[in-house]
Amino acid sequence: QHHQLERQQQQQQQRQQQQRQQPEKQSILEAAESEAFAAIWEDQSSFKAYYRRASCRQLLGRLEQGLEDCSQALHILAASSKANGSAAAEDEVRLLQRAIQQQLQEQQARRQQHRQQQQSSLGPGPAFPAAVPAAASGKGRPAGQQHGAAASSEPPAPKGGDCVQTLTGGMLSLERAGRERQMVALRHIPAGSDVLREEPAAFVIFKAQRLQRCGVCAHPLASELPPPAGLDSPSILNLPIYCRGCPLAAYCSVNCRDKDVFHNLHSPECGLPWPRILPEEALLATRLATWEQHLAFAQEQQQQQQQLDSSEQDPDELRPEGGMLQQAQGDSSGGGRRSMSRLADDLLDHEGKQPRKRILYWSVLATVAAAAHNAGLKPRGQQPNGPPTLATHLEARCVFKWLCRIAINGVALRPIASALGGAAGSWGTALFPVAACFNHSCQPNLALRFNGCTLIARASEDLDPGMGAFISYGPQVGESPCTARKQHLQSCYYFDCHCRACSPTTCHPPPPRDDLRAALRCPCSNHAEDKGDNLRAVGACVPPSALLPLCSKDPPCQPESAPCLGMGSCSKCGSKIPTHCLAKYSVDLQLAAAKFDEAASILERLQQEDSSASFSPGQGFEHVDRALTLFMQGLQVYERLLHPCNLLLGAAYHTAAKAAAAAAKRAPSRNTLYMQHAADLLHQSVSVLAHHFPPGCPQLAFEQVLASACSKAHTPQTGSDSDGDDASEKAERMLQLHFGDEGVMAARREVHLQLGL
């Protein structure tokens with residue numbers, strides 16, 4: 001026993017010494033591999049470079065890649081059989097190839113032996129009783145495997161739901177039925193709870209904003225922020241940090257720059273023009289293809305390391321995981337990688353349903369993107385202890401597959417203000433494997449927001465156990481007619497929507513009437529009917545196709561996007577608009593649209609003047625007064641011809657209110673009068689939107705916030721406006737319910753931008 005203890009101590013000391021020498025040995029081998037890689041880049045017909053790289057990869061434990069290099073070297077030698085000494089060189093390469101194959105066979109034998117030992121250690125009987133109560137087994141998990149580690153040393157079969165429950169904190173689970181899958185609540189989730197926080201597998205920033213946001217965390221760079229107090233221009237501290245090798249990527253900190261695994265000194269994106277020339281989806285597809293390959297490689301590495309550790313193999317045989325993603329989307333375990341890989345494999349691409357022109361375009365784009373990516377794999381300026389990279393050789397077919405998946409599963413990165421109707425648009429595209437499992441509803445019960453590039457899903461309604469969780473893939477109820485929404489979903493995502501908003505028989509309250517979105521006023525109606533809340537009682541006439549673009553806020557679409565009640569016929573009394581009146585309607589609506597365009601151009605020019613430092617109150621009042629007059633003249637035409645629930649009329653109220661607020665800013669002496677006028681216009685806009693959007697939706701709540709802000713601005717400070725305060729607090733609570741505190745702050749910023757309050 002004493003001699004056995006001494007031998008164990010000696011072996012332990014030798015292993016510790018080998019572990020101390022391993023980083024130095026590994027760095028030398030990696031440097032030799034990089035040198036061989038550079039030689040291959042300079043001369044791809046050099047079999048010696050492939051042989052050297054295969055030898056390095058054998059010592060590093062990358063046996064499969066070493067076999068590929070040996071095969072390439074033999075192929076080169078066979079093509080150049082006239083070279084002197086080719087036979088001896090071929091023998092050396094084949095000797096190395098046989099050695100690597102033998103190591104692979106031994107490795108597989110060790111795995112099989114280790115697996116058999118673990119199975120025999122469990123004994124013949126079951127580790128758990130045959131029956132476990134369903135309540136204790138967990139949803140989506142087979143009975144008897146609640147404690148899978150004790151039941152079997154092998155991890156359970158990947159179901160894709162492990163990382164879902166991890167990222168959602170046990171709130172949601174992914175249920176599968178063949179190719180169909182659905183996110184359901186595992187327990188009661190109150191409204192206003194964040195149910196998912198997920199980092200993207202990969203994302204890209206649009207070219208126009210690529211130097212305005214960090215390339216890793218996607219937060220706005222300091223150059224977009226105002227300079228410190230007392231400075232007329234941004235200081236040196238406000239400047240972004242660029243990539244070490246090129247100015248094509250910007251970061252908010254050195255830490256973010258060092259964490260970028262897609263763009264760094266020795267990546268195929270650094271210093272090359274193809275990421276700026278090709279479309280953004282091509283860059284995203286190459287990143288996702290690289291991510292998929294390394295996710296599978298990291299999963300294999302994890303399994304091998306666990307098996308070798310348990311069998312007490314020599315540490316030199318452990319292959320490093322340099323440059324791999326350190327997190328498997330929130331779960332660094334092997335099970336997390338397996339479930340995330342399963343989710344990536346299950347992403348739909350609908351390749352067979354895509355139009356032929358689109359398939360041809362994506363095929364060419366994938367071929368060019370893969371060739372450009374592979375051509376940039378030459379290591380340039382690689383430094384020791386530099387940031388890891390995910391650079392790897394890509395096949396065009398893999399890039400094409402991800403282009404198809406991005407079209408179906410990609411998510412537009414946008415600020416909260418765009419969801420509230422603001423002018424801010426999307427700034428990037430990303431793919432979130434877990435969030436891609438959510439099904440669609442035109443009236444969703446989850447709201448999405450982004451903190452940088454992190455997706456946060458928040459429950460906007462109470463979810464009971466077993467209830468489905470839905471997001472919106474496109475226009476929601478109120479933003480577009482039902483038929484137009486279905487056409488959009490069918491043409492982009494290839495499914496027919498049967499959600500609660502698209503099924504009038506099951507929707508409570510019933511969905512809005514799409515015929516009122518672009519309806520004309522019945523000529524027999526009385527304008528006194530506009531007073532009150534029941535604006536739908538006013539007779540509505542569906543306009544003919546020639547008048548539809550002039551009285552609709554929606555983009556030009558097919559006439560069947562609105563229910564056909566008889567073109568020009570009133571839905572209440574059945575009377576028709578005379579033919580000679582339709583021509584007069586067309587002329588009047590065109591004149592009103594021209595007045596609105598002229599007034600909008602004046603307001604846009606004045607907003608540019610407001611951003612200048614030389615602006616002073618009272619400046620440009622005659623111009624804004626002219627714009628407000630044009631708006632009111634166009635409004636008179638719209639109120640006379642359009643139905644009071646027409647969305648174009650609601651948008652006109654909103655735009656005229658912004659003009660009134662601009663006039664109040666330039667005429668301090670008449671501030672109260674103009675702000676009261678703006679508040680009245682916004683309240684009318686709210687009454688129009690209330691007939692099209694469901695109660696509590698963000699768009700309606702934000703319009704109410706704007707109206708309440710104008711009401712507070714013209715109300716004397718000594719007075720009390722309890723109704724306005726209550727409406728404002730209720731609207732902000734609804735925004736907080738959808739987007740949290742960030743939604744309230746975004747709404748207040750938009751109030752300042754649109755109304756100057």
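Scroll up a little and you will see the structure.
In this report, the structure presented in the accompanying data block is examined. (Residues numbered from 1 in each chain as written. Predicted model: local features only at pLDDT ≥ 70, side-chain atom pairs only at ≥ 80, totals over all residues. Heavy atoms only, no water.)

## Focus: the packing of helix 2 (residues 47–60) against helix 3 (residues 63–79)
Here is the rule: Every axis in this analysis is a line fitted to C-alpha atoms, fitted for helices over the stretch in contact. Angles between the N-to-C directions lie between 0 and 180 degrees. Secondary structure counts use DSSP, requiring at least four H or I residues in a row for a helix and at least two E residues in a row for a strand, with both numbered from the N terminus. With respect to orientation, any angle under 35 degrees is reported as roughly parallel, any angle over 145 as roughly antiparallel, any angle of 65 to 115 as roughly perpendicular, and every other angle as oblique. The handedness criterion is simple: a crossing whose near helix is rotated anticlockwise from the far helix by less than a right angle is left-handed, and one whose near helix is rotated clockwise is right-handed. The contact criterion used is simple: two residues touch if any of their non-hydrogen atoms lie within 4.5 Å. Ten residue types, Ala, Val, Leu, Ile, Met, Phe, Trp, Tyr, Cys and Pro, are classed as nonpolar, four, Asp, Glu, Lys and Arg, as charged, and the remainder, Gly among them, as polar.
Packing of helix 2 against helix 3 brings their axes to within 8 Å, and their N-to-C directions diverge by 160°. The orientation of helix 2 relative to helix 3 falls into the category roughly antiparallel. Between helix 2 and helix 3 the crossing geometry is left-handed. Contacts from F47, Y50, R53, A54, R57 and Q58 in helix 2 reach L63, Q65, G66, D69, C70, Q72, A73, I76 and L77 in helix 3. For the contact of helix 2 with helix 3, the class distribution of residues is 8 nonpolar, 4 polar and 3 charged.

## Details of the pattern of salt bridges
Opposite charge on two side chains makes pairing possible when the charged atoms of those side chains draw close. Condition: In what follows, salt bridge is the name for a side-chain nitrogen of Lys or Arg lying within 4 Å of a carboxyl oxygen of Asp or Glu. Per-residue accessibility, obtained with a 1.4 Å probe over protein chains only, is compared with the maximum for each type, and a residue is labelled buried under 20%, exposed over 50%, and partly exposed between these values.
Across all of its chains, the model carries 18 salt bridges by this definition. Ionic pairing is found between R500 and E461, a salt bridge with its closest N-O pair at 2.6 Å. Linking R500 in the loop between helix 15 (482–493) and strand 13 (520–521) with E461 in the loop between strand 11 (454–459) and strand 12 (470–471), this pair joins segments that are 39 residues apart in sequence. The class for R500 is partly exposed, based on a relative accessible area of 31%. For the salt bridge of R640 with D588, the shortest nitrogen-to-oxygen distance reads 3.5 Å. Linking R640 in helix 17 (residues 621–641) with D588 in helix 16 (residues 579–610), this pair joins segments that are 52 residues apart in sequence. Looking at D588, the relative accessible area reads 10%, which means it is buried. The structure contains a network of salt bridges with shared partners spanning E33, R53, R57 and D69.

## A word on the sheet that holds strand 10 (residues 446–451)
So the rule is basically this: Strand pairing requires that DSSP identify at least two bridges connecting the strands.
Spatially, 3 strands are ordered 3-11-10 in an open sheet, and the strand pairing comes out antiparallel. The sheet is open, and its two borders are formed by strand 3 (194–198) and strand 10, each paired with just one other strand. On average, each strand axis in the sheet is inclined to that of its neighbour by 20°, with strand direction left out of account. Examined bridge by bridge, strand 3 and strand 11 share 4 bridges and lie antiparallel to one another. If you follow D194 over to strand 11, its bridge partner there is R458.

## A look at the environment of L420
Mapping L420 onto the fold places it in the loop between helix 14 (416–419) and strand 8 (428–431). Classification of L420 as buried rests on a relative accessible area of 4%. Expressed as a C-alpha distance, the spacing of L420 and L735, which sit 315 residues apart in the sequence, is 9.3 Å.

## Re the packing of helix 18 (residues 647–666) against helix 19 (residues 671–689)
It is at 8 Å that the axes of helix 18 and helix 19 come closest, and there the two elements cross at 165°. As the angle between them shows, helix 18 and helix 19 are arranged roughly antiparallel. The element helix 18 and its partner helix 19 pack so that their crossing is left-handed. In this structure, helix 18 uses L647, G650, Y653, H654, A656, A657, A660, A661, A663 and A664 to contact helix 19, whose residues at the interface are N671, Y674, M675, H677, A678, L681, L682, Q684, S685, V688 and L689. Among the residues forming the contact of helix 18 with helix 19, the class breakdown is 15 nonpolar, 6 polar and no charged.

## Some words on the sheet that holds strand 4 (residues 202–205)
The strand order across the open sheet formed by 3 strands is 4-8-7, and the pairing between neighbours is antiparallel. In this open sheet, the two edge strands, each paired with only one partner strand, are strand 4 and strand 7 (411–413). The sheet shows a mean angle of 25° between the axes of neighbouring strands, direction not considered. Here strand 4 runs beside strand 8; their pairing, made up of 4 bridges, is antiparallel. Bridge pairing links F203 to A430 in strand 8.

## Quick look at the packing of aromatic side chains
For clarity, the cut-off: Each Phe, Tyr or Trp ring, with Trp reduced to its six-membered ring, pairs with another whose centre is within 6.5 Å; inter-plane angles below 30 degrees give stacked pairs, above 60 give edge-to-face pairs, and intermediate values give tilted ones.
Across all of its chains, the model carries 6 aromatic pairs by this definition. Taking the centre distance of 6.1 Å and the plane angle of 90° together, the rings of Y473 and F495 count as edge-to-face. Note that Y473 is positioned in the loop between strand 12 and helix 15 and F495 in the loop between helix 15 and strand 13, a separation of 22 residues in sequence. According to the relative accessible area criterion, Y473 is partly exposed, its value standing at 26%. Here F495 falls in the partly exposed class, since its relative accessible area comes to 25%. Geometrically, the ring pair formed by F596 and F631 is edge-to-face, given 5.1 Å between the ring centres and 65° between the ring planes. In this pair, F596 is assigned in helix 16 and F631 in helix 17, connecting sequence segments 35 residues apart. Pair check on accessibility: F596 and F631 agree, each one buried.

## Re empty space enclosed by the protein
Our working definition: A cavity here means a set of points on a 1 Å grid, drawn over the protein atoms and nothing else, where a 1.4 Å probe fits but cannot get out; a pocket is an open set with protein on both sides within 12 Å along at least five of seven lines, and a residue lines either one if it has an atom within 4 Å of a point. Grid points are joined across faces, edges and corners, and a volume is the space filled by probe spheres set on the points.
Scanning the entire structure with this criterion turns up 6 cavities of 30 Å³ or more. Its boundaries defined by the atoms lining it, the largest cavity holds a volume of some 190 Å³. As for the largest cavity, its lining consists of 17 residues, of which R210, L248, A249, H263 and R287 are closest to the centre. Counting residues per element, the lining of the largest cavity draws most heavily on strand 4, at 3 residues. Across the lining of the largest cavity, the residue classes tally to 9 nonpolar, 2 polar and 6 charged.

## A short note on a nonpolar patch on the surface
Stated formally: Candidates for patches are residues over 30% relative accessible area with no salt bridge; among them, like charges are joined within 9 Å and nonpolar side chains (Val, Leu, Ile, Met, Phe, Trp, Tyr) within 5 Å. In short, Shrake-Rupley with a 1.4 Å probe defines the accessible areas, and a residue's cover is counted only from the protein chains shown.
The grouping of L360, V364 and V368 at the surface amounts to a nonpolar patch, some 270 Å² of accessible area in total. With respect to the helices and strands, the residue V368 is situated in helix 12 (residues 356–375).

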